[in-house]
Amino acid sequence: MKSSPVKHVVIAGGGTAGWMAAAALSKLLGKSLSITLVESKDIGIVGVGEATIPPIRTFHKLLGIDEKTFMRATKATFKLGIEFENWREQDHSYIHSFGVTGRECWAGEFHHFWLRAKDFGFGGDFGDYCTELKAAKECKFAYSERMPMNFAYHFDAVAYGRFLKELAVKAGVNHIEGDIQKVSKCSHTSNIKNIELSDGTAIDGDLFIDCTGFKGVLIEKSLHTGYENWSHWLPCDSALAVQTESIGAPIPYTKSVAHSAGWRWKIPLQNRVGNGLVYCSNYMSDSEAKETLLNAIEGEKLTEPRTIRFTPGKRRLGWNKNCVALGLASGFIEPLESTSIHLIMTGIIRLMRLFPFEGITQSAVDEYNNKYNSEMAAILDFIVMHYKVTNREDSPFWEHCNSMDIPPSLTHKINLFKQTGRVFLDDGDIFRVDSWTQVMMGQGLVPQQYHKVADEMSATELERFLAGLKQQVDNQVSALPSHQDFLEKYLKS
């Protein structure tokens, strides 16, 4: 397969995915391309992807985005991780932070040394050795070259789309508003030729990017790509979202609180709080879900709860013919670890690295899809682990999670960690070893052994080593201002 050179790119759909793609392509490849974004009113914006993970900072640097300008425009706050409540068991909590825990050596990660210390009766909490985690607990934050921190953001996703829209239009993106009425394909290749709007306007393109959300107007309704349903691994299929007034200073982490049939989120922005409830409709009715959410929120409602239905899974191909799907059009894994916006970003970066200036080739399409598949599979494993590695059996939903089958790749990862304490990352894994160990041990999975490299230290040496690391973390955290104080000072300067 080899097509004609790609000079005209058409992005179908606005929202976060569409404007991220438009901004990136126009800023980084715009001199070589003509880019049109068609924003349709009938394509709803989910707008709940308000929490991110650290690689978004790299994306912003590539686009030359000023952090303060972005944060003011989107009412953003800083994020150091996610607190998980009631996941391991009722009334238990742990934090999955973005930081590095302790110090690793060539043969084994830090948790091996910590596990040996626990055998000796010292060592404290695993989180005592991570600056980001302890800072999150104490609601502190600051960063500088002298004191770097690994962080992400909470922000208003709709405002983020508007922010990127302004950036993209200034960079030359042609913005058209209109409803997509028809998609025309080539009779010989089945490639998309153009999209026709309800007013009769036809927009031709060489490459189409589908950002039309769950509808998948191009990738599915036109190209019939197919969808892999992952409901047997991720039983939740519904969500409610509501915004509330802030009643206190924003915390520098997302809250994820498990309930009897799923979990709820709390995302603090500068001006409000984003709340939501994810649930399985087989175990919780819509009315019960609404009542559960409204009983849990704090502050006055700014919006009425709205219901979102979804089928967890992914398109069989992320790139099919001359169409690339991004965002919800490409698939959906619940945002338990804030991966939604990250997947948009990696899809865009992957497309730009493989961009078919001289024409679409099968090898480029295959490479894109291979990476897309491995990335989605690795995230699937990480999310399913939260449901599977738990002591909860207190409701039919958690009984189901306890007994359900899981991907063979996750079974291997769990067994490997349980039996040996080892973690090896897959090619598509976006989470580091620190993330896997924090979550697996936070969920209650304790390795049966540690790497014997930890025995190279005597008990006295090990205790001194850990005490030094803990003191270093304590000193760093004690010097930090509160998250609120840093936020106010930083955005005013």
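Okay, so let's go over this structure. These numbers were taken from a predicted model, which means no experiment stands behind them.

1. Some words on the overall build of the protein
Next up, step 1: The number of helices and strands found in the protein is 14 helices and 21 strands.
Next up, step 2: Relative to the globule expectation of 23 Å for 493 residues, the C-alpha radius of gyration of the protein, 23 Å, shows essentially globular dimensions.
Next up, step 3: For the C-alpha atoms alone, the extent of the protein along its principal axes is close to 75 × 50 × 50 Å.
Next up, step 4: Considering the protein as a whole, with its 493 residues, one finds that 57% of them fall into the buried category.
Next up, step 5: Within the protein, residue pairs in contact and separated by at least 24 positions form 78% of the contacts whose partners lie at least 6 positions apart.
Next up, step 6: Taking the average location of the 53 positive side-chain charges in the protein and that of its 58 negative ones, the two points are 4 Å from each other.

2. Observations regarding helix 11 (residues 408–420)
Next up, step 1: Here helix 11 is 13 residues long and its end C-alpha atoms lie 18 Å apart, about the 18 Å a rise of 1.5 Å per residue gives.
Next up, step 2: Of all the positions in helix 11, only L410, K413, I414, F417 and T420 are classed as buried.
Next up, step 3: Considering only its buried residues, helix 11 is in contact with helix 4 (110–120), helix 9 (362–388) and helix 12 (433–442).
Next up, step 4: Within two residues after helix 11, G421 carries a phi angle of roughly 80°, on the positive side.

3. Let's talk about unusual backbone geometry
Next up, step 1: The phi dihedral of C139 is positive, around 55°, even though this residue is not glycine.
Next up, step 2: Here C139 shows up in the loop between helix 5 (131–137) and strand 6 (152–154).
Next up, step 3: If you check the backbone angles, H224 has positive phi at about 50° while not being a glycine.
Next up, step 4: Relative to the helices and strands, H224 resides in the loop between strand 11 (207–210) and strand 12 (227–229).
Next up, step 5: Of the residues examined, H224 reaches a relative accessible area of 56% and is grouped as exposed.

4. Focus: the pairing of strand 1 (residues 8–12)
Next up, step 1: Burial runs high along strand 1: 4 of the 5 residues are buried.
Next up, step 2: Of the pairings in the sheet, the one linking strand 1 to strand 2 (residues 34–39) comprises 5 bridges and is parallel in character. Paired with A12 across the bridge in strand 2 is V38.

5. Things to note about the pattern of salt bridges
Next up, step 1: In this structure the tally under the stated criterion is 21 salt bridges.
Next up, step 2: Here E85 makes a salt bridge to K255, at a shortest N to O gap of 2.4 Å. One end of the pair, E85, is in strand 4 (residues 81–85); the other, K255, is in strand 14 (residues 254–259), with 170 residues separating them in the sequence.
Next up, step 3: With its nearest N and O atoms 3.4 Å apart, the salt bridge here joins E166 to K170. Residue E166 and its partner K170 are both found in helix 6 (residues 157–170); the two are separated by 4 residues, about one turn of the helix.
Next up, step 4: With relative accessibility at 68%, the residue K170 sits in the exposed group.
Next up, step 5: Salt bridges linked by common partners bring E50, D156 and R272 together as one network.

6. Details of the sheet that holds strand 10 (residues 202–204)
Next up, step 1: Across the sheet, which stays open at both edges, the 3 strands sit in the order 8-9-10 with antiparallel pairing between neighbours. Each end of this open sheet is capped by a strand with a single partner; those strands are strand 8 (180–185) and strand 10. Between one strand axis and the next, the sheet turns through 25° on average, direction left out of account.
Next up, step 2: Two elements, strand 8 and strand 9 (residues 192–197), share 5 bridges in a ladder whose sense is antiparallel. Looking at strand 9, one finds that V183 is bridged to I195.

7. Thoughts on the sheet that holds strand 11
Next up, step 1: Taken together, 6 strands build an open sheet; the order of strands is 7-2-1-11-20-19 and the sheet is mixed. Of all strands in the sheet, those bounded by a partner on one side alone are strand 7 (174–177) and strand 19 (319–320).
Next up, step 2: As paired strands, strand 1 and strand 11 are joined by 4 bridges and run parallel to one another. Considered in strand 11, the bridge of A12 is made with D210.

8. Considerations on empty space enclosed by the protein
Next up, step 1: A full pass over the atoms with the stated rule returns 4 cavities of 30 Å³ or more.
Next up, step 2: Taken as a whole, the second largest cavity holds about 70 Å³ of empty space.
Next up, step 3: S330, L343, G347, R350 and Y372 are, among the 13 residues lining the second largest cavity, the residues nearest its centre.
Next up, step 4: It is helix 8 (residues 340–353) that provides the largest number of residues to the lining of the second largest cavity, a total of 5 residues.
Next up, step 5: Of the residues contributing to the lining of the second largest cavity, the split by class is 7 nonpolar, 4 polar and 2 charged.

9. Here's the deal with the packing of aromatic side chains
Next up, step 1: Going through the model one piece at a time under the given rule, you end up with 39 aromatic pairs.
Next up, step 2: On the basis of an interplanar angle of 5° and a centroid distance of 5.9 Å, the ring pair of F120 and F122 is categorised as stacked.
Next up, step 3: A residue is classified by how much of its surface remains accessible, and F122, at 16% relative accessible area, is buried.
Next up, step 4: Their ring planes at 70° and their centres at 4.9 Å tell us that F382 and W436 sit as a pair that is edge-to-face.

What counts as what
- Per chain, residues are indexed from 1 in the order of the written sequence.
- Given that this is a predicted model, residues contribute local features only at a pLDDT of at least 70 and side-chain atom pairs are listed and counted only at 80 or more, while totals for whole chains, interfaces and linings are drawn from all residues.
- The side-chain numbers reported here are obtained from all heavy atoms of the structure, hydrogens and water having been left aside.
- Secondary structure follows DSSP: runs of H or I at least 4 residues long count as helices, runs of E at least 2 residues long count as strands, and numbering of each begins at the N terminus.
- This radius of gyration counts C-alpha atoms alone. The globule rule is 2.2 Å times how many residues there are, raised to the power 0.38.
- Partly exposed residues are those whose accessible area sits between 20% and 50% of the maximum for their type, while under 20% is buried and over 50% is exposed, using a 1.4 Å probe and protein chains only.
- In what follows, a contact means two residues having at least one pair of non-hydrogen atoms within 4.5 Å.
- Working convention for charge: Lys and Arg count positive, Asp and Glu count negative, and His plus the chain ends are omitted.
- Lysine's charge is taken at NZ, arginine's at CZ, aspartate's at CG and glutamate's at CD.
- Expected span of a helix: the number of residues minus one, times 1.5 Å.
- By the convention used here, strands pair only if DSSP detects at least 2 bridges between them.
- Any carboxyl oxygen of Asp or Glu within 4 Å of a side-chain nitrogen of Lys or Arg constitutes a salt bridge here.
- Note on method: axes are straight lines fitted to C-alpha atoms, helices fitted across the in-contact stretch only, with angles between N-to-C directions ranging 0 to 180 degrees.
- Whether a set of points on the 1 Å grid over the protein atoms alone is a cavity depends on a 1.4 Å probe fitting there but being unable to get out, while an open set qualifies as a pocket with protein on both sides within 12 Å along at least five of seven lines; lining residues are those with an atom within 4 Å of a point.
- Grid points are joined across faces, edges and corners, and a volume is the space filled by probe spheres set on the points.
- Ten residues, namely Ala, Val, Leu, Ile, Met, Phe, Trp, Tyr, Cys and Pro, are considered nonpolar, four, namely Asp, Glu, Lys and Arg, are considered charged, and the remaining ones, Gly among them, are considered polar.
- For Phe, Tyr and Trp, rings pair up if their centres lie within 6.5 Å, where Trp contributes its six-membered ring, and each pair is then called stacked (planes under 30 degrees apart), edge-to-face (over 60) or tilted (otherwise).

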